[in-house]
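Residue-level structural notes
The residues making up each chain are set out below.
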Amino acid sequence: MKLYQGMGPNSYRVRIFMAEKGIELPMVDVDFSKAEHRAPAFLALNSLGQIPVLELDDGTVITESVAICRYLEETHREPQLFGSDAVSRARVEMWNRRAEIVIFGTIGNVALHSDAFFKERLTQFPAFAETERQAVPKKWAWLDRELADGRAFLAGETFSIADITAGVCAWLGDVFGMEVPGDLANVQRWLERVRARPSFAG
């Protein structure tokens, strides 16, 4: 089993998940600057030319970061990062989706529509990127209000993949000059707790 990965938020998300689980896998670094993601051998693994990609020993290929994490959750049960019962699993799913759609999506749109790296992937609309950039603080302010109840993590008192996703959102925002506003005390409290975890160091 091996993981094809590289620079970027989705590979980072899987690496954090693996570190939390104590999972070590052989890794193949895919260099986008050398167009390795467009090589025929890689496109045979993922026709979208995107990372990460998990290749199992029997040749089965799993793409998409959360799908890879779900597989790793099933094969390495502890600690449980997708919830431990019906309610907690639903809450983790809810908060992971919220982090992806509300925050990750907004920051991602700025990158997709402003960075030259993505100019061949889609038709870029710089004005849309700027609109989304201006919306980012409002998205974090929404999360700050949600965390006003004092809970330790997004889905409750237990760290989960939802915190990984939202933590990676903050990292991606830093990369593109959209830091989490410093006056959002609840988000800053949560983010400090998440970033202190050893898994976020890699």
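- The name an unreviewed UniProt entry assigns to the protein is Glutathione S-transferase, from the organism Ensifer adhaerens.

Topic: the overall build of the protein
- Tallying secondary structure elements over the protein gives seven helices and four strands in all.
- Relative to its length of 202 residues, the protein is compact, with a C-alpha radius of gyration of 17 Å against a globular reference of 17 Å.
- Taken along the three principal axes of its C-alpha coordinates, the protein extends 50 × 45 × 25 Å.
- Counting only residues that meet the buried cut, the protein has 47% of its 202 residues in that class.
- Total accessible area on the protein is roughly 10200 Å²; 54% of this is exposed by carbon and sulfur atoms.

Some thoughts on the packing of aromatic side chains
- Scanning the entire structure with this criterion turns up eight aromatic pairs.
- Judged by centre distance (5.8 Å) and plane angle (55°), the rings of Phe17 and Phe82 are tilted. Separated by 65 residues along the polypeptide, Phe17 in helix H1 (residues 9–21) and Phe82 in the loop between helix H3 (65–75) and helix H4 (86–114) bring together distant segments of the chain.
- A relative accessible area of 0% places Phe17 in the buried class.

Regarding the sheet that holds strand S2 (residues 27–29)
- What the four strands build is an open sheet, ordered S2-S1-S3-S4; its pairing is mixed. Taken across any chain shown, the strands that pair with only one partner, and hence form the sheet edges, are S2 and strand S4 (61–63). Pairwise comparison of adjacent strand axes, ignoring direction, gives a mean angle of 20° for this sheet.
- The pairing of strand S3 (residues 53–55) with S4 spans three bridges and is antiparallel. By the bridge assignment, Leu54 is partnered in S4 with Ile62.
- Contacts between H1 and the sheet are confined to strand S1 (2–5) and S2, with S1 contributing the most and set at about 145° to the helix.
- Strands in contact with H3 are S1, S3 and S4; relative to S4, the strand with the most contacts, it is inclined by about 125°.

Remarks on the side chain of Glu55
- Note on placement: Glu55 falls in strand S3.
- This buried residue, Glu55, is left without a salt bridge; Lys2 holds the nearest opposite charge, at 4.1 Å.
- A distance of 3.1 Å separates polar atoms of two side chains, one belonging to Glu55 and the other to Tyr4.
- The residues touching Glu55, leaving out its near neighbours within four places in the chain, are Met1, Lys2, Tyr4, Leu45, Thr60 and Val61.

Here's the deal with the packing of H4 against helix H5 (residues 126–146)
- As a packed pair, H4 and H5 sit with axes 7 Å apart at the nearest point and diverge in direction by 155°. Taken together, the axes of H4 and H5 lie roughly antiparallel to each other. Between H4 and H5 the crossing geometry is left-handed. For the pair H4 and H5, the contacting residues are Trp95, Arg98, Val102, Ile103, Gly105, Thr106, Ile107, Asn109, Val110, His113 and Ser114 in the first and Pro126, Phe128, Ala129, Glu132, Arg133, Ala135, Val136, Lys139, Trp140, Trp142, Leu143 and Glu146 in the second.
- Each residue belonging to the contact of H4 with H5 can be placed in one class, and the counts come to 13 nonpolar, five polar and five charged.

Considerations on H3
- Inspection of H3 places Ser65, Val66, Ile68, Cys69, Leu72 and Glu73 among the buried residues, and these make up the whole buried set. Down the axis of H3, the sector holding all buried residues measures 155°, keeping them to one side.

Definitions and cut-offs
- Residues numbered from 1 in each chain as written.
- Predicted model: local features only at pLDDT ≥ 70, side-chain atom pairs only at ≥ 80, totals over all residues.
- Heavy atoms only, no water.
- Helix = DSSP H or I, 4+ residues; strand = E, 2+ residues; numbered from the N terminus.
- Rg over C-alpha atoms; globule rule 2.2 N^0.38 Å.
- Buried < 20%, exposed > 50% of the residue type's maximum accessible area, 1.4 Å probe, protein only.
- Areas by Shrake-Rupley, 256 points an atom, 1.4 Å probe, with all protein chains shown as cover.
- Phe/Tyr/Trp six-rings, centres within 6.5 Å; stacked < 30°, edge-to-face > 60°.
- Pairing = 2+ DSSP bridges.
- Axes fitted to C-alpha atoms, helices over the stretch in contact; angles between N-to-C directions.
- Contact = heavy atoms within 4.5 Å.
- Lys, Arg positive; Asp, Glu negative; His and termini not counted.
- Salt bridge = Lys/Arg side-chain N within 4 Å of Asp/Glu carboxyl O.
- Polar contact = N/O pair within 3.5 Å; in protein donor to acceptor, adjacent residues only side chain to side chain.
- Parallel < 35°, antiparallel > 145°, perpendicular 65-115°, else oblique.
- Left-handed = near helix turned anticlockwise from the far one by under 90°.
- Nonpolar A, V, L, I, M, F, W, Y, C, P; charged D, E, K, R; others polar.
- Arc of directions from axis to C-beta.

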